[in-house]
Amino acid sequence: MSAKLRISRSHYPVHALGPGERLAVWVQGCTLSCKGCMSRDTWPADGGVEVPIAELAALWRSAVDRGAEGLTVSGGEPLQQAEGLAAFLTAADEVRRDAGRELDFLLYTGYDEGELDEARWAAAGQADVVVFGRFDITEPTELVWRGSANQRMVPRTELGRRRYAGFIDHAPAEGPLQLEMRDGDPWIIGTPRPGVLRYLDRSLKGLGLQVTDVTWRP
């Protein structure tokens, strides 16, 4: 089993990709290349950095000790590193067992269930909730924690069904977004509603800020 997972970045606390405060890990590498993806920087398979599973587990343990309520794994395409992801979620499960409280795992994948082979199911099956489906820019949605209407939020455990029951068909009054700074650049966490990225682009320019590069354009 792989002892490493190539990731783009991680962050805690995240409150825009699942309920409560969460550790989020963005896996590096994706060949699905969805048109309009806001995270094109996570596509190259040779980008990011390889991180030992033990180090990621320690990161999760630290987040749990600080009050994390869940773990979110996105990308990139996490299931294109199915073996490493399975190893990480196995280690993360050991941490949450030690925590003595309910902590859920939310996984994002661009694949549909019918596209998952045995290795991918071995990883996805460890998540309490999986959001399935490629991002489709032609199918806007206001559903929470999804980028397009075709994406399906599927609880896979009793904890997932209980914790996410009120969110499956939920459209919040305001879309959950989080703005952070990363290496001196603004960084958006979450699933923006249609038009939000264009509005942000124009607003930054209107403030006299030079926008030289964004992750949602080539």
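Everything below is about the structure shown above.
Just so you know, these numbers come straight off a predicted model, no measurement behind them. (Residues numbered from 1 in each chain as written. Predicted model: local features only at pLDDT ≥ 70, side-chain atom pairs only at ≥ 80, totals over all residues. Heavy atoms only, no water.)

## Quick notes on the overall build of the protein
What the protein contains, in helices and strands, is five helices and nine strands. Across the protein, helices and strands are ordered from the amino to the carboxyl terminus as β-β-β-α-β-α-β-α-β-β-α-β-β-α. The buried share of the protein, taken over its 218 residues, is 48%. For the protein, the proportion of contacts with a sequence separation of at least 24, taken over those separated by at least 6, is 62%. Element-wise, carbon and sulfur atoms account for 50% of the exposed surface of the protein, whose accessible area totals about 10800 Å². (Helix = DSSP H or I, 4+ residues; strand = E, 2+ residues; numbered from the N terminus. Buried < 20%, exposed > 50% of the residue type's maximum accessible area, 1.4 Å probe, protein only. Contact = heavy atoms within 4.5 Å. Areas by Shrake-Rupley, 256 points an atom, 1.4 Å probe, with all protein chains shown as cover.)

## A look at the packing of aromatic side chains
Under the counting rule described, the total for this entry stands at five aromatic pairs. Across from the ring centre of phenylalanine 105, 3.8 Å away, lies the NZ or CZ of arginine 96, which sits over that ring. Its guanidinium or amino end placed over the ring of tyrosine 111, arginine 120 lies 4.1 Å from that ring's centre, counting from NZ or CZ. (Phe/Tyr/Trp six-rings, centres within 6.5 Å; stacked < 30°, edge-to-face > 60°. Lys NZ or Arg CZ within 6 Å of the ring centre and 35° of its normal.)

## Quick notes on the sheet that holds strand β1 (residues 4-14)
With respect to topology, seven strands assemble into an open sheet ordered β3-β1-β2-β4-β5-β6-β7, the strand pairing being mixed. Both edges of this open sheet fall to β3 (49-52) and β7 (152-155), since each of them pairs with a single strand only. Recorded for the sheet is a direction-independent mean angle of 30° between the axes of neighbouring strands. Seen against the sheet, helix α1 (residues 53-65) touches β1, β2 (22-27), β3, β4 (70-74) and β5 (104-108) and runs at an angle of roughly 75° to β3. (Pairing = 2+ DSSP bridges. Axes fitted to C-alpha atoms, helices over the stretch in contact; angles between N-to-C directions.)

## Details of the pattern of salt bridges
With the rule as written, the count across this model stands at eleven salt bridges. We note a salt bridge from glutamate 115 to arginine 134, for which the minimum N-O separation is 2.8 Å. Here arginine 134 lies in the loop between β6 (129-132) and β7 and glutamate 115 lies in the loop between β5 and α3 (118-124), a separation of 19 residues in the sequence. Residue glutamate 115 is classed as partly exposed on the basis of its relative accessible area of 32%. (Salt bridge = Lys/Arg side-chain N within 4 Å of Asp/Glu carboxyl O.)

## Some points on the pairing of β4
Counting buried positions over the five residues of β4 gives five, a clear majority of the element. With four bridges connecting them, β4 and β5 associate as parallel partners. Across the sheet, residue glycine 70 finds its bridge partner in β5, namely aspartate 104. For the crossover from β4 across helix α2 (residues 82-99) to β5, the handedness is right-handed. (Right-handed = clockwise from strand over helix to strand, strands pointing away.)

## Details of the packing of α1 against α2
The relative placement of two packed helices is expressed as an angle between their axes plus a distance between the axes. In the contact formed by α1 and α2, the axes pass within 9 Å of each other and the chain directions differ by 35°. The interaxial crossing formed by α1 with α2 has right-handed handedness. For the pair α1 and α2, the contacting residues are Ile53, Leu56, Ala57, Trp60, Arg61 and Val64 in the first and Gly84, Ala87, Phe88, Ala91, Ala92, Val95, Arg96, Asp98 and Ala99 in the second. Taken together, the residues of the contact of α1 with α2 sort by class into eleven nonpolar, one polar and three charged. (Left-handed = near helix turned anticlockwise from the far one by under 90°. Nonpolar A, V, L, I, M, F, W, Y, C, P; charged D, E, K, R; others polar.)

## Re α2
Between its terminal C-alpha atoms α2 stretches 25 Å, which fits the 26 Å expected from 18 residues at 1.5 Å a residue. Among the residues making up α2, those that are buried are Ala82, Gly84, Leu85, Ala86, Ala87, Phe88, Leu89, Ala91, Ala92, Asp93, Val95 and Arg96. The positive-phi residue at the C-terminal boundary of α2 is glycine 100, with phi of around 75°. (Expected span 1.5 Å × (residues − 1).)

## Let's talk about the environment of glutamate 115
Once residues lying within four places of it in the same chain are set aside, the contact partners of glutamate 115 are Gly110, Arg120 and Arg134. At 2.8 Å, the side chain of glutamate 115 forms a polar contact with the side chain of arginine 134. (Polar contact = N/O pair within 3.5 Å; in protein donor to acceptor, adjacent residues only side chain to side chain.)

## Observations regarding the environment of threonine 90
Counting through the fold element by element, threonine 90 comes out in helix α2. Measuring from C-alpha to C-alpha, the distance between threonine 90 and alanine 123 comes to 8.8 Å, with 33 residues separating the pair along the chain.

## Comments concerning unusual backbone geometry
Note that the residue after tyrosine 12, namely proline 13, is joined by a cis bond; omega there is 0°. The residue after glycine 75, namely glycine 76, is reached through a cis peptide bond having omega 15°. Mapped onto the secondary structure, glycine 76 falls in the loop between β4 and α2. Residue serine 33 is not a glycine yet carries a positive backbone phi of 50°. Along the polypeptide, serine 33 turns up in the loop between β2 and β3. In this structure serine 33 comes out as partly exposed when scored by relative accessible area, which is 38%. In this structure, tryptophan 145 takes a positive phi of about 65° despite not being glycine. Relative to the elements of secondary structure, tryptophan 145 occurs in the loop between β6 and β7. Judged by relative accessible area, tryptophan 145 falls into the buried class, the value being 5%.

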